[in-house]
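The lines below spell out each chain.
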Amino acid sequence: MEKFNRPIWCFREPRSGSSWFVRYIQNNLGKNRLFFDLDIPFFSKTDVYTIPHSESKKEQILNFFKERNQQQIDSKYILCTHEFIALESLRNYNDPVLFRNCRRNKTHQFISLVIANATNKYNIYSRTNLEPIRNSLKEMQPITVPLEHLYSFIEKVREADLLWKKYAVNYENETIYYEDMVQGYTSEILSLELKMNPMGGS
């Protein structure tokens, strides 16, 4: 479809099913993934662009996105990031299509993030992968979470909401909820049914 020759941006909250979502639309649209992140994940070094940053991280990340202009090869990719501040740079792109991955239940989202950070397991692809995580959690009990981690999570969620409401309204956009994908959801923009197995990665 012609609309998918336009830049496609996926703004991903953690623990929102976004890894499954991006892989699914990659397969259906015949595109690759280009993930702009602060660090190269251990499982992938070929499709991640590491954003330069130092102590003044937020300002440098914003400057990086503001200075990046649309490139000819962008139409071959799903452009992804966890950094919602990139929304401020959308004027550099010609009529982009935007997706946001998030969860309605923020308590479940935060607990999922705590478990992922504690076990260093961020994607679950089958029930076989789940058993070692359960065993690790039993050994770690109880898990203590510093209060500042909760405050940081709340701040990031609020910032994502504010940025999305301010900038996404100017473009064709759709919010994809984790809970809807688990139940089965048809994307209006993609005209695709999204039915995610919760054991299929997040």
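Structure's up top.
Just so you know, these numbers come straight off a predicted model, no measurement behind them.

What counts, and at which threshold
Residues numbered from 1 in each chain as written. Predicted model: local features only at pLDDT ≥ 70, side-chain atom pairs only at ≥ 80, totals over all residues. Heavy atoms only, no water. Helix = DSSP H or I, 4+ residues; strand = E, 2+ residues; numbered from the N terminus. Polar contact = N/O pair within 3.5 Å; in protein donor to acceptor, adjacent residues only side chain to side chain. Contact = heavy atoms within 4.5 Å. Expected span 1.5 Å × (residues − 1). Buried < 20%, exposed > 50% of the residue type's maximum accessible area, 1.4 Å probe, protein only. Salt bridge = Lys/Arg side-chain N within 4 Å of Asp/Glu carboxyl O. Pairing = 2+ DSSP bridges. Phe/Tyr/Trp six-rings, centres within 6.5 Å; stacked < 30°, edge-to-face > 60°. Lys NZ or Arg CZ within 6 Å of the ring centre and 35° of its normal.

K.L.:
I tried to follow the side chain of arginine 6 on my own but got confused; where do I start?
P.N.:
Relative to the helices and strands, arginine 6 resides in the segment before β1 (8-12). At 3.1 Å, the side chain of arginine 6 and the side chain of glutamate 172 are in polar contact. Setting aside residues no more than four positions away along its own chain, arginine 6 makes contact with Asn94, Asp95, Pro96, Val97 and Glu172.

K.L.:
Before we go on, may I ask you to explain helix α1 (residues 18-29) in this structure?
P.N.:
Owing to its 3.6 residues per turn, the α-helix aligns residues three or four sequence positions apart on the same side. Here α1 is 12 residues long and its end C-alpha atoms lie 16 Å apart, about the 16 Å a rise of 1.5 Å per residue gives. Regarding α1, the residues found buried are Ser18, Ser19, Trp20, Phe21, Val22, Ile25 and Gln26. Glycine 30 sits one or two positions beyond α1 and adopts a positive phi of about 70°.

K.L.:
Help me understand the pattern of salt bridges in this model?
P.N.:
Opposite charge on two side chains makes pairing possible when the charged atoms of those side chains draw close. For the structure on display, the rule yields 8 salt bridges. Among the ionic pairs, aspartate 161 bridges to arginine 100, the shortest N-O distance being 2.7 Å. Of this pair, aspartate 161 sits in helix α5 (residues 147-167) while arginine 100 sits in strand β5 (residues 97-102), and the two are 61 residues apart along the sequence. Taking relative accessible area as the criterion, aspartate 161 reaches 26% and is therefore assigned partly exposed. We classify arginine 100 as buried; its relative accessible area is 5%. Between aspartate 180 and arginine 104 there is a salt bridge; the shortest N-O distance is 2.9 Å. Here arginine 104 lies in the loop between β5 and α3 (106-119) and aspartate 180 lies in helix α6 (residues 178-183), a separation of 76 residues in the sequence. Arginine 104 sits in the partly exposed class, given a relative accessible area of 47%.

K.L.:
Help me understand the pairing of β5, please; the structure alone is not making it clear to me.
P.N.:
Within a regular strand, side chains alternate between the sheet's two faces. Among the 6 residues of β5, 6 are classified as buried, and the element is accordingly described as predominantly covered. Alternating positions in β5 separate into two faces, Val97, Phe99 and Asn101 on one and Leu98, Arg100 and Cys102 on the other, with burial throughout. Sheet topology places β1 next to β5; 5 bridges connect them, and they run parallel. By the bridge assignment, tryptophan 9 is partnered in β5 with leucine 98. In this structure, β5 lies alongside strand β6 (residues 172-177), joined through 6 bridges in parallel fashion. In the strand pairing of β6, arginine 100 is matched with threonine 175.

K.L.:
Mind showing me how you'd approach the packing of aromatic side chains here?
P.N.:
To describe a pair of aromatic rings, you give the distance between the ring centres and the angle between the ring planes. Overall, the coordinates contain 12 aromatic pairs when judged by the stated rule. Summarising the aromatic geometry, the rings of tryptophan 20 and tyrosine 24 are spaced 4.9 Å apart at their centres and angled 10° between planes, so their arrangement reads as stacked. Of this pair, tryptophan 20 and tyrosine 24 both sit in helix α1, 4 residues apart, which is roughly one turn of the helix. Taken together, a centroid distance of 5.2 Å and an interplanar angle of 50° make the contact between phenylalanine 110 and phenylalanine 153 tilted. Of this pair, phenylalanine 110 sits in helix α3 while phenylalanine 153 sits in helix α5, placing them 43 residues apart in sequence. Both residues of the pair, phenylalanine 110 and phenylalanine 153, count as buried. Above the face of the phenylalanine 35 ring, arginine 12 is positioned so that its terminal group lies 4.8 Å from the ring centre. For the cation-ring pair, arginine 103 lies above tyrosine 178, with the distance from its terminal atom to the ring centre recorded as 3.8 Å.

K.L.:
Looking at this model, I keep getting lost on the side chain of glutamate 13. Mind explaining?
P.N.:
With respect to the element layout, glutamate 13 can be found in the loop between β1 and α1. Reaching out from glutamate 13, the side chain makes a polar contact with the side chain of glutamine 109 at a distance of 3.1 Å. In this view, glutamate 13 contacts Ser18, His82, Phe84, Arg100, Asn101, Cys102, Arg103, Lys106, Gln109 and Ala160; residues no more than four positions away in its chain are not counted.

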